[in-house]
Each structure stands twice: as C-alpha cells, then as structure tokens.
Amino acid sequence: MKIAILGGTGPEGSGLGLRWALAGHQVVIGSRQMEKGQQVAAELQAQAPAAAANLSGMDNLSALEGADVAVLAVPYSGQERTLAGLQEALAGKLLLTIVVPLGEKAARVWRPPSGLAAAEEAARQLGEGARVVAAFQNIAAHHLADPEHVIDCDVLICGDDKADKQVVIELCAAAGMRGVDAGLLQNASVVEGLTAVLIGINIRHKIKHAGLRITGI
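Residues numbered from 1 in each chain as written. Predicted model: local features only at pLDDT ≥ 70, side-chain atom pairs only at ≥ 80, totals over all residues. Heavy atoms only, no water.

## Considering the pattern of salt bridges
Here's step 1: For the structure shown, the criterion picks out five salt bridges.
Here's step 2: A salt bridge links R178 to D154; the shortest N-O distance between them is 2.7 Å. Separated by 24 residues along the polypeptide, R178 in strand β8 (residues 178-181) and D154 in strand β7 (residues 154-159) bring together distant segments of the chain.
Here's step 3: The shortest N-O distance in the salt bridge between K165 and D181 comes to 2.9 Å. Remark: D181 occurs in strand β8 and K165 occurs in helix α7 (residues 162-174); sequence separation between them is 16 residues.
Here's step 4: A relative accessible area of 7% places K165 in the buried class.
Here's step 5: With a relative accessible area of 38%, D181 lands in the partly exposed category.
Here's step 6: Connected via shared salt-bridge partners are D152, D154, R178 and R213. (Salt bridge = Lys/Arg side-chain N within 4 Å of Asp/Glu carboxyl O. Helix = DSSP H or I, 4+ residues; strand = E, 2+ residues; numbered from the N terminus. Buried < 20%, exposed > 50% of the residue type's maximum accessible area, 1.4 Å probe, protein only.)

Next comes the structure, spelled out in structure tokens:
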C-alpha cells in the first residue's frame, strides 16, 4: 500500500513509517512544510538503507496523492487545522488517526469539550462518508524507530467499518504488533483516555513503555 503519514515527522508517525517501509509498503512522510517531510524521510533512509526506496517526504497535501491510507499523526491541537486543509484530498480515503487529546496534566484523562473522542471529531469534520479508524493511541513511541525492538503490547482499533479495521489490523502486523478490534469509533474515547492512564503508570514506576495486552483471544 501507499501510506501517507500526515504530520509524520514526530517520533510515532516516523517510527511507524519506518516499520511499514521495512515491511514493503510505500510510505510518504508528510509535513506542513515539504522540506521538513523530506528531511525526516532522508534521516529514516539513512537509518534503514533496506527501506530507503520505500520512503519519501512531501507536504501533507502532496503526500495524499495516490495514497491508499492516510495516517493522522499530528498533536490534537493541530488536528482541526490540518484536516481543514485536506478535506477534499481525504474524500473517500481511509484515515487512520493516532491522535490523542491530552490536557495540561498528561497523566489525567482529558476529553475534548465536545464530549467526543478526537477520532469522532475528525470524522464529524470530514463529513458524510468519512472513513475514520482510531488505533495506536496506547503505543509508546520510544522504541518504534528501532525495528529490532519487540513492541510488547496490543493495538486497540476502533471504527465503524469492519473492512477498514481489517486493513488497520494488517498494518499493525506489518509494524510488528497485534491489532485487536475494539468496536465502534465511539469507543475511541475510552482508548484515547487510556493513554493518560499509561503515562501515569510510566511516571509512577519510572518506565517509558507501559502498554496493554488483551488476554483470552
């Protein structure tokens, strides 16, 4: 697949991009500024020469051209602004959002004033027919850029379309993780909130990568 990572210059977006590129997907690192996207793509190419041919960098709008999947990897504060400039280009595309809304105290659960999950807000902004799936909210970014590191947790996936969630489950596997269908998009509110819980666990136990495992499957 061709995967456009919008705002993909941060540790989570670029880390996932590197893993997907190594798995054989074509990955475009997007940014508000083309130069920044190209810079991060070049850094990833140097880090993993085996994936270099699968990595490139562009501005967010250009990255979406011909993309099969778009990944929204911006901070929550930039979500609305980013989507406002890309609504037409995203029409009909699967948008995988990894956005997490966090308050001033990151270890306390905070929800947007709308009462919706950030993923639901994205779907509402994109309008009728939007294909939004939420995933990777609870994955610590520290080890994503090291493809040899085993990510010891599951990925909870929320969305309203089973086929779209299956695509994301496959992307989880390509990145070295197990994806678990966690229900409809409205459930993303709980999944997003768990990130604050995990941050608190990290702080209290002086670790960096607390995660979740679903047992019994």
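## Thoughts on helix α6 (residues 118-126)
Here's step 1: Three or more residues of α6 are buried, namely A118, A119, E120, E121, A122 and A123.
Here's step 2: Contact partners of the buried residues in α6: α4 (79-84), β5 (94-97), β6 (131-134) and α8 (188-205).
Here's step 3: Remark: G127 follows α6 within two positions and exhibits a positive phi of approximately 90°. (Contact = heavy atoms within 4.5 Å.)

## Observations regarding the sheet that holds β8
Here's step 1: Read from one edge of the open sheet, eight strands run β3-β2-β1-β4-β5-β6-β7-β8, paired in mixed fashion. Taken across any chain shown, the strands that pair with only one partner, and hence form the sheet edges, are β3 (55-59) and β8. Between one strand and the next, the sheet's axes are offset by a mean angle of 25°, whatever the strand orientation.
Here's step 2: Alignment of strand β1 (residues 2-6) against strand β2 (residues 26-31), held across four bridges, turns out to be parallel. Among the inter-strand pairings, I3 is bridged to a residue of β2, identified as V27.
Here's step 3: Where α6 meets the sheet, its contacts fall on β5 and β6, and the angle it forms with β6 comes to roughly 170°. (Pairing = 2+ DSSP bridges. Axes fitted to C-alpha atoms, helices over the stretch in contact; angles between N-to-C directions.)

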